[in-house]
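If you want the building blocks of each chain, they are given just below.
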Amino acid sequence: MSSKSEPKDVHQLNGTGPTASPCSSDGPGREPLPGTSEFLGPDGAGVEAAIESRANAKGVREEDALLENGSQSNESDDVSTDRGPAPPSPLKETSFSIGLQVLFPFLLAGFGTVAAGMVLDIVQHWEVFQKVTEVFILVPALLGLKGNLEMTLASRLSTAANIGHMDTPKELWRMITGNMALIQVQATVVGFLASIAAVVFGWIPDGHFSIPHAFLLCASSVATAFIASLVLGMIMIGVIIGSRKIGINPDNVATPIAASLGDLITLALLSGISWGLYLELSHWRYIYPLVCAFFVALLPVWVVLARRSPATREVLYSGWEPVIIAMAISSVGGLILDKTVSDPNFAGMAVFTPVINGVGGNLVAVQASRISTFLHMNGMPGENSEQAPRRCPSPCTTFFSPDVNSRSARVLFLLVVPGHLVFLYTISCMQGGHTTLTLIFIIFYMTAALLQVLILLYIADWMVHWMWGRGLDPDNFSIPYLTALGDLLGTGLLALSFHILWLIGDRDTDVGD
């Protein structure tokens, strides 16, 4: 009998044999275990041995259960270690909390665009803007860099911060150096291409080409793009790190703040650099190619730094298409601005264009960044079948569904009218635009602004999900397209509004310096 019980005990200790139910343990009123009578002698001398055997069996069963639980716990620990920490759950945000977090950065960004508009309203009368009119074509393209580079950087870092990729100092430093080097490469290349587009768009209508003006545009564009991206990139990193420390979602504040100073800094740099280089046009013409060569010579340094980070290495190789196409789209808006800003019938275009373009780009960048973060919390691009791209989303789904992204779209859309009223009042108080704000002008302006944001939010809902389903990271690809479309829609709709107002005779202008 003992020879049969030994293998059974071995199986129980190894966790391979059946374990006894806890109900089988002895207690008052319980029947003896089967087979116990074998140990009882006629004189009852085997009772003690039976009790000891049952106690040993009970101990074996308890030890067996503990071993089995411990094995399962170790397996669970091993799996959790291999998988890494679980990703954080999506933030629970109400419409009020979204609006509260977005409101202050939105107003700050809006006042930044108002300041940029006032600067453009002043510098449009400078000699460099009058003699080299192609500089106006550079304005939307370079201001659009905040969408091509800074807002993409803000969205990329916000997503990384929300999913825990910037929690350790090593990860933080790697993300900072890689992303800063990446945007310097992109800024240099995009600035050079924007100057080429400005030369081409300026040459096609007039048939006139000036080599000194071409070098002036190239040097001004590259220097402006490089310096502006360096300054704004450092500001963005500080904003995202600070917002995480105080418990604010970086997606709600990073992109608007990127735009708040982006337009003003970029336009001020473009005006100052182009004016300074223009003064040297007749004396030191060779300085233009030297400026271009200096920034091009720095490209290998930034490329080496950007390749060190896996997160930016992919963007360095595959992230050029949206940036270049977005620059071309913004340049078309710049061509519209170039043809209307000097027309007395379009007085006010210079001051209102940065405002309407900036507000639309800021709002759609916030929405695209939020949707991208939401998708990243549920998987990787192209892997999650539940987040399949919607080929043709319904406007009702985009704006009236109960999910958090639809809720944020409603909040952002409702900010358009009160925000623009504040900005128009500010421009009126500062006596900018050389135009009187009549009721019918405000109605047409608001109609253009609402239509612009409505279209952009709808396109953002489709584009981000479509890119996600194709395995593309929306943080790197969607925002450049959306902000460039915002520039083109804003400039085009504003020019159309001015033209209609001129046709009906509601343009009370006071053009002057």
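What comes next concerns the included structure. (Residues numbered from 1 in each chain as written. Predicted model: local features only at pLDDT ≥ 70, side-chain atom pairs only at ≥ 80, totals over all residues. Heavy atoms only, no water.)

1. Comments concerning a nonpolar patch on the surface
(1) Moving on: There is a patch of nonpolar side chains on the surface, built from Phe192, Ile196, Val200, Trp203, Ile204, Phe209, Ile211 and Phe215 and spanning about 760 Å² of accessible area.
(2) Moving on: Elements represented by at least two residues in the nonpolar patch include exactly helix 7 (169-206) and helix 8 (211-245).
(3) Moving on: At 5 residues, the largest contribution of residues to the nonpolar patch is made by helix 7.
(4) Moving on: Relative to the helices and strands, Ile204 resides in helix 7. (Patch = residues over 30% accessible without salt bridge, like charges linked within 9 Å, V, L, I, M, F, W, Y side chains within 5 Å. Areas by Shrake-Rupley, 256 points an atom, 1.4 Å probe, with all protein chains shown as cover. Salt bridge = Lys/Arg side-chain N within 4 Å of Asp/Glu carboxyl O. Helix = DSSP H or I, 4+ residues; strand = E, 2+ residues; numbered from the N terminus.)

2. Let's talk about the environment of Thr491
(1) Moving on: Within the secondary structure layout, Thr491 lies in helix 19 (residues 474-503).
(2) Moving on: The class for Thr491 is buried, based on a relative accessible area of 0%.
(3) Moving on: Each C-alpha atom of the pair Thr491 and Pro140 lies 9.2 Å from the other, and the pair is 351 residues apart in sequence.
(4) Moving on: If we skip the residues at most four places from it in the chain, Thr491 touches Gly333, Ile336, Leu337, Met349, Thr353 and Asn357.
(5) Moving on: Polar side-chain contacts of Thr491 include one of 2.8 Å to the backbone oxygen of Asp487. (Buried < 20%, exposed > 50% of the residue type's maximum accessible area, 1.4 Å probe, protein only. Contact = heavy atoms within 4.5 Å. Polar contact = N/O pair within 3.5 Å; in protein donor to acceptor, adjacent residues only side chain to side chain.)

3. Describing the nonpolar core
The tendency in soluble globular proteins is for nonpolar side chains to be buried side by side.
(1) Moving on: In this structure, Leu120, Phe352 and Tyr445 are the most contacted members of the largest nonpolar core, which totals 91 residues.
(2) Moving on: Aside from chain neighbours lying at most four places away, what touches Tyr445 is Phe352, Val355, Ile356, His420, Leu424 and Leu494. (Core = buried A, V, L, I, M, F, W, Y, C linked by side-chain atoms within 4.5 Å.)

4. Notes on helix 11 (residues 299-307)
(1) Moving on: Turning to helix 11, its buried residues are Leu299, Trp302 and Ala306. The buried side chains of helix 11 occupy one side of the element, clustering within an arc of 65° when seen end-on. (Arc of directions from axis to C-beta.)

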